[in-house]
Amino acid sequence: MKKLIYLLFIWQHIIAQTTKPTDHSVKHEYIITNFTTESKIILPEAKIVYGTYGHLNDAHDNAILLPSHYMANYHGYEWLIGPGKALDTTKYFLVATELFGNGRSSSPSNTQEPYHGPRFPVMTIRDNVEAVHQLLTQELKINHLTAIIGFSMGAQQAFQWSVSYPKFANKIVATSGTAKTYPHGVVRLEGQIAALTADSDFQNGDYKAPPKKGLEAFAVVWTGWLFSQEWWRRELWKTTAPTGTTFEQILNRYRTNFIPGADANDLILQMRTWEHHDISTTKGFNGDMEKAIKSIQVPFLYMPSETDLYFPLSDARYEAAFNSNIILMPIPSLWGHTAGAASNPADAKFLNENIGKFLKQ
């Protein structure tokens, strides 16, 4: 039964990592007073929830940053952490941060008026990077990182770090995520937002109760993009499910239990963050993607999934061609976007082995 739950809720597993932690972690909160967003909105308090693993050494030079992905908490990288995996906490101090809008860090759902709910400002990937830079340098007294490793929206943050702070980390790893959300990605996200907001109970974000129908429609649209077409054709959900599990049962699980308890405005906020991601709009690059990618100065392991429908391999190839510091290493997987977060044993092995080798080089 546990295997079935894991499979049916594979995306839930990736975003929340509700399984028992593989290594001891400690939860923290960091508050920034009067945080100014890129849109020039000033939040009286901006809270970052983060977790730490291992111990910071006396020189403060053994830290690795793990920025979170869509609606994830800081446990989302435990597929990389622990004995026999790429990140050994007896060697590294790991800082795993949670994106604005996940419901724990500052979000539409937990911020007071005048920024509650739909009035919460759009937070960009750069806003998240700037806030975490302040957390690292001012709170933790870390002025240099061994590495930054990010999946999906975490990969977006890894790209942004490489441009905003090109020498802050020795190495960078990005899995299942690109340097920009290209127009097709925006169309996908807009479709998911439209599905959610079409529910009359949404009430322009001022709902009195969760817009259930909208949340279910959003979940189905999202699920359609999550895995590859061949994953669905081969019915790979059956690999660990009990005999007799049907497609209809699988689909209903995704429809009704995709991200349990998630707030609709939080979901939308992070989709807006995703949509606005573009390293070429960083100050000094004037929308020139080639120039922005060429500015990356450190070794960069770029690991797109071969079957990702969110971040197509063709986009990764386009970007990687601009900079010889980028090592393009596609993940040979049928598991679509989820391959970049070790959603199955083969991809977990591939990621841990190659990220581990890269860190040791």
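Residues numbered from 1 in each chain as written. Predicted model: local features only at pLDDT ≥ 70, side-chain atom pairs only at ≥ 80, totals over all residues. Heavy atoms only, no water.

Some words on the sheet that holds strand β8 (residues 326-328)
Pairing between the strands of a sheet is mediated by backbone hydrogen bonds and can be parallel or antiparallel.
No. 1: Pairing within the open sheet is mixed, and its 8 strands lie in the order β1-β2-β4-β3-β5-β6-β7-β8. Both outer strands of the open sheet, β1 (25-36) and β8, are each paired with one neighbouring strand and no more. Between one strand axis and the next, the sheet turns through 20° on average, direction left out of account.
No. 2: By the bridge criterion, 6 bridges tie strand β5 (residues 145-151) to strand β6 (residues 169-175) in an arrangement that is parallel. The partner of Ile148 across the bridge, within β6, is Ile172.
No. 3: Against the sheet, helix α3 (residues 125-139) contacts β1, β2 (42-53), β3 (63-67), β4 (93-97) and β5, and its axis sits at roughly 115° relative to β1.
No. 4: Against the sheet, helix α11 (residues 313-320) contacts β7 (300-303) and β8, and its axis sits at roughly 150° relative to β8. (Pairing = 2+ DSSP bridges. Helix = DSSP H or I, 4+ residues; strand = E, 2+ residues; numbered from the N terminus. Axes fitted to C-alpha atoms, helices over the stretch in contact; angles between N-to-C directions. Contact = heavy atoms within 4.5 Å.)

A closer look at the pairing of β3
Walk down a regular strand and you will see the side chains alternate between the two sheet faces.
No. 1: Counting buried residues in β3 gives 5 out of 5 residues, a clear majority hidden from the surface.
No. 2: Neither face of β3 is left uncovered, since the one carrying Ala63, Leu65 and Pro67 and the one carrying Ile64 and Leu66 both have all their residues buried.
No. 3: Relative to β4, β3 runs parallel, the two being bridged by 5 bridges. Within β4, the position partnered with Pro67 by the bridge is Thr97.
No. 4: Where β3 and β5 come together, 2 bridges link them in parallel fashion. When the bridges of β5 are listed, Leu65 appears paired with Ile148. (Buried < 20%, exposed > 50% of the residue type's maximum accessible area, 1.4 Å probe, protein only.)

Examining unusual backbone geometry
No. 1: Pro114 follows Glu113 through a cis peptide bond whose omega is 15°.
No. 2: Looking at the secondary structure, you find Pro114 in the loop between β4 and α3.
No. 3: Positive phi, normally seen in glycine, also occurs at Ser152, with a value near 60°.
No. 4: Here Ser152 lies in the loop between β5 and α4 (153-164).
No. 5: Located in the positive-phi region is Glu235, a residue other than glycine, with phi close to 55°.
No. 6: Judged by its relative accessible area of 32%, Glu235 is partly exposed.

A word on the pattern of salt bridges
No. 1: A complete count under the given rule lists 13 salt bridges for this structure.
No. 2: When the shortest N-O distance is used, the salt bridge between Glu29 and Lys47 registers 4.0 Å. Taken together, the residues Glu29 in strand β1 and Lys47 in strand β2 connect sequence positions 18 residues apart.
No. 3: Its relative accessible area of 22% is what places Lys47 among the partly exposed residues.
No. 4: Within this structure, Glu113, Arg119 and Asp206 form a network of salt bridges that share partners. (Salt bridge = Lys/Arg side-chain N within 4 Å of Asp/Glu carboxyl O.)

Some thoughts on the confidence of the model for the protein chain
No. 1: Averaged over every residue, the pLDDT of the protein chain is 93; residues scoring 70 or more account for 93%.
No. 2: Predicted confidence is poor over residues 1-13, with pLDDT under 50, and the contacts of this stretch with residues over four places away or in other chains come to 37 contacts.
No. 3: Considering only residues more than four positions removed or in separate chains, one finds that residues 16-22, a stretch of pLDDT under 50, has 14 contacts. (pLDDT = per-residue confidence, 0-100.)

Things to note about the nonpolar core
No. 1: Tyr70, Leu87, Leu136, Trp222, Leu267 and Ile355 are the most contacted members of the largest nonpolar core, which totals 110 residues.
No. 2: Look past the residues within four positions of Leu87 in its chain and what remains in contact with it is Ile64, Leu66, Leu80, Ile81, Gly82, Tyr92, Leu94, Ile149 and Leu359. (Core = buried A, V, L, I, M, F, W, Y, C linked by side-chain atoms within 4.5 Å.)

Description of the side chain of Asn62
No. 1: As for its placement among the helices and strands, Asn62 is situated in the loop between β2 and β3.
No. 2: Within the structure, Asn62 has its side chain in polar contact with the backbone oxygen of His55 (distance 3.0 Å).
No. 3: Separated by 3.2 Å, the side chain of Asn62 and the backbone oxygen of Lys91 make a polar contact. (Polar contact = N/O pair within 3.5 Å; in protein donor to acceptor, adjacent residues only side chain to side chain.)

What to know about the environment of Asn252
No. 1: Locating Asn252 in the fold gives a position in helix α8 (residues 247-257).
No. 2: You can call Asn252 partly exposed: its relative accessible area is 36%.
No. 3: Asn252 sits 36 residues away from Glu216 along the chain, and the two C-alpha atoms are 9.4 Å apart.

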